[in-house]
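Residue-level listing of the chains:
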Amino acid sequence: MDLVISDKTHDEGRQGEALVLESASQRTKNNGRKLYIESYGCAMNFSDSEIVASILSDEGFETTADYTAADVIFINTCSIRENAEQRVRNRLKEFTIAKVKKPGLVVGVLGCMAERLKSKFLEEEKLVDVVVGPDAYRDLPNLIGIVDDGQKAVNVLLSREETYADISPVRLNSNGINAFVSIMRGCDNMCSFCVVPFTRGRERSREPLSIVKECADLFNQGYREVTLLGQNVDSYKWKQPHPTLPGREGFEEDSLKVSPTGGDLEGVEGAATVNFANLLEMVAAISPQLRVRFSTSHPKDITDEVLYMIAKHENICNYIHLPVQSGNSRVLDLMNRTYDRDWYINRIDAIRRIIPECAISTDVITGFCSETDEEHQDTISMMDYVHYDFAYMFMYSERPGTLAAKRYADDIPDAVKRSRLKEIVAKQQEHSYIRLQTQLGKVQKVLIEGFSKKSDKDYCGRSDQNAMVVFPVNENYKPGQYVNVMVERTTTATLIGKIIN
Ligand code: SAH
Ligand code: SF4
Ligand code: F3S
């Protein structure tokens, strides 16, 4: 079968126009075709799937939650660890069966694994028809057309500009209350263990007014919480384009002085650049009823300015995800994290000083190249210092092409990685429990998200500090409203209480 490698990008206006013309003729053809998307990996991937759904719904596609009913199956993939890729390959096997039953079914691989493996994917997984990297989603209608014509198609071009700023995502699996909003793409950090800079390309920030508009639209539709997403939100930076360049429209000198909803943007006035603290304030100004969360913060870049901004606005949640990876300075250096143990502790102290009630979570990797037992103990002692509310903990998984794969031996035996992980998980369970206990007898402001998983006699929602809170349904309140909940007891991961409004 022929393979078409598309190099259409949105970077040049001329090619963008060509895409628009082509899609007009595709649109009628696709009317009513059903699209199923399954997402793996981080929140950015889930958010991208909503952009994909939007691009294809403009082409006449309808989304379905049932893959056996679909005409197009997309799997939006993650490469972060080997087992993430394995999970995708297993799932693809199940789609093989669907394809045998339904000739003409299009199966596509999107996202980070698509970018990492490129056309190799088509050789390795025979059922796959189309492989599309994270910056090429505008080309999807064209690529599906190529597959409909009996060929296989690939577009894995990365872009320095694409942020999908103008696309309003179709919310998938939404509760109508919380939404993810991408504020930047890519990553320039080159942590030695990490595949993301290779799969997502260079870091670029999305135009701030398009972010504020998306959040304000969500608020007007009834959403009450947005999570601003980027691999390193603290390096968000938008420079006003020069007046003669395209993209300057709607960005007049004064346009940053007030938010679209008229909120106060003190401190932003006249700013030629918008940094993350400024952006937080712009989004927080939409309404005090809109909660603002964000992820992920980077220890090397998180500034006191951001911390003061969180402290200043009640609706910017007191919760920071600040991945430490390791508590040992030599390992952090090998990881190319560009901070050391003392720097990280300095940032934790700043959070505790400026936002005393702030919850902090982290990511930890065990068994990174050459990590000794003592160095592992430094991670444990860091956990004892911080008392994280929550942690995501992983065994190091070597990723092809990364700096670590090229420079260092993956020399810690699996059994050692696993036993260190076990120790860290046990430590974290202890700390999560202690942190939850500090909430006993206190009143939490909770945004009701819906019924609890276990019973429709209970509501669940999260506190400002991102703790899950469960409490009996009270018919005066419904999902999307805020309630004050008195915490009466805890399980290992949840606060339990009752409404005391
Ligand atoms: N941008 C975020 C992290 C994104 S990846 C940051 O800089 O913190 C999410 C987490 O996956 C990382 O924080 C790290 O803990 C883990 N991770 C990344 N690459 C990994 C690898 N090769 N092996 C194991 N864990 C990894
Ligand atoms: Fe990966 Fe580091 Fe970028 Fe996070 S900051 S995505 S860990 S390279
Ligand atoms: Fe995975 Fe890509 Fe996110 S590798 S963690 S889906 S950026």
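See the structure above.
One structure accompanies this document, and this report is about it.

Rules of the game
Residues numbered from 1 in each chain as written. Chains lettered and ligands numbered in written order. Predicted model: local features only at pLDDT ≥ 70, side-chain atom pairs only at ≥ 80, totals over all residues. Heavy atoms only, no water. Helix = DSSP H or I, 4+ residues; strand = E, 2+ residues; numbered from the N terminus. Buried < 20%, exposed > 50% of the residue type's maximum accessible area, 1.4 Å probe, protein only. Contact = heavy atoms within 4.5 Å. Areas by Shrake-Rupley, 256 points an atom, 1.4 Å probe, with all protein chains shown as cover. Pairing = 2+ DSSP bridges. Axes fitted to C-alpha atoms, helices over the stretch in contact; angles between N-to-C directions. Near = heavy atom within 4 Å. Polar contact = N/O pair within 3.5 Å; in protein donor to acceptor, adjacent residues only side chain to side chain. Nonpolar A, V, L, I, M, F, W, Y, C, P; charged D, E, K, R; others polar. Domains from an automatic or database assignment. Parallel < 35°, antiparallel > 145°, perpendicular 65-115°, else oblique. Left-handed = near helix turned anticlockwise from the far one by under 90°. Core = buried A, V, L, I, M, F, W, Y, C linked by side-chain atoms within 4.5 Å. Salt bridge = Lys/Arg side-chain N within 4 Å of Asp/Glu carboxyl O. Right-handed = clockwise from strand over helix to strand, strands pointing away. Arc of directions from axis to C-beta.

## Observations concerning the overall build of the protein chain
Then, in step 1: Within the protein chain one finds 15 helices and 22 strands.
Then, in step 2: Burial status across the protein chain gives 56% buried among its 501 residues.
Then, in step 3: For the protein chain, the proportion of contacts with a sequence separation of at least 24, taken over those separated by at least 6, is 72%.
Then, in step 4: Accessible area of the protein chain: about 21800 Å², with a carbon and sulfur share of 52%.

## Some remarks on the sheet that holds strand S21 (residues 482-490)
Then, in step 1: Spatially, the five strands close up into a barrel ordered S18-S19-S20-S22-S21, and their pairing is mixed. Taking each pair of neighbouring strands and ignoring which way they run, the sheet shows an average axis angle of 50°.

## Observations regarding the site of ligand 1
Then, in step 1: Around ligand 1, a shell composed of 15 residues is seen, among which Gln231, Pro323, Gln325, Asp363 and Ser397 lie nearest.
Then, in step 2: Between ligand 1 and Phe193 there is a distance of 3.0 Å, counted from a nitrogen atom to a backbone nitrogen or oxygen.
Then, in step 3: Burial of ligand 1 by the protein chains amounts to 90% of its free accessible area of 540 Å².
Then, in step 4: Of all the secondary-structure elements, those providing two or more residues to the shell around ligand 1 are strand S16 (359-366) and strand S17 (390-395).
Then, in step 5: Across the shell around ligand 1, the residue classes tally to seven nonpolar, four polar and four charged.
Then, in step 6: Two domains share the shell around ligand 1, each providing at least three of its residues, namely domain 2 (174-317) and domain 3 (320-335 + 344-438).

## Comments concerning the packing of helix H10 (residues 304-312) against helix H12 (residues 341-354)
Then, in step 1: At a minimum axis separation of 10 Å, H10 and H12 run at an interaxial angle of 25°. By the angle between their axes, H10 is roughly parallel relative to H12. The way H10 lies across H12 gives a crossing that is right-handed. Between H10, through Asp304, Leu307, Tyr308 and Ala311, and H12, the contact on the second element is made entirely by Arg347, Ala350, Ile351, Arg353 and Ile354.

## Some remarks on the packing of helix H8 (residues 208-220) against helix H9 (residues 276-284)
Then, in step 1: Packing of H8 against H9 brings their axes to within 9 Å, and their N-to-C directions diverge by 30°. As judged from the angle between their axes, H8 and H9 are roughly parallel. Considering the relative orientation of H8 and H9, their crossing is right-handed. Every residue of H9 that contacts H8 at Pro208, Leu209, Ile211, Val212 and Cys215 is listed here: Leu279, Met282 and Val283.
Then, in step 2: A class-by-class count of the residues in the contact of H8 with H9 yields eight nonpolar, no polar and no charged.

## Some thoughts on the nonpolar core
Then, in step 1: Of all hydrophobic cores here, the largest spans 72 residues; its most connected members are Leu228, Phe276, Leu280 and Ile320.
Then, in step 2: Structurally, this core is a two-domain feature, drawing no fewer than three residues from each of domain 2 (174-317) and domain 3 (320-335 + 344-438).
Then, in step 3: Every residue in contact with Leu280, bar those within four places of it in the chain, is listed here: Leu228, Val292, Phe294, Val306, Met309, Ile310 and Ile316.

## Comments concerning the pattern of salt bridges
Then, in step 1: Using the criterion set out here, one finds 38 salt bridges in the structure.
Then, in step 2: Taking the shortest distance from any N to any O, the salt bridge between Arg200 and Asp48 comes out at 2.9 Å. Remark: Asp48 occurs in helix H2 (residues 43-57) and Arg200 occurs in helix H7 (residues 196-200); sequence separation between them is 152 residues.
Then, in step 3: Residue classification places Asp48 among the buried residues on the basis of a relative accessible area of 0%.
Then, in step 4: One salt bridge connects Lys427 with Glu430, and the closest N-O pair in it is separated by 3.9 Å. Highlighted residues: Lys427 and Glu430, both in helix H15 (residues 414-437), separated by three residues, approximately one helical turn.

## Here we look at the pairing of S17
Then, in step 1: Bridge count for S16 against S17 is six bridges, and the pairing is parallel. The residue bridging Thr366 from the neighbouring strand is Met395, located in S17.
Then, in step 2: One crossover worth recording links S16 to the parallel S17 by way of helix H13 (residues 373-386), and it is right-handed.

## A short note on H10
Then, in step 1: Every buried residue of H10 is listed here: Val306, Leu307, Met309 and Ile310. Looking down the long axis of H10, one finds its buried residues gathered within 160° of arc, a one-sided arrangement.
Then, in step 2: At its buried positions, H10 is contacted by H9, strand S14 (291-295), strand S15 (319-321) and H12.

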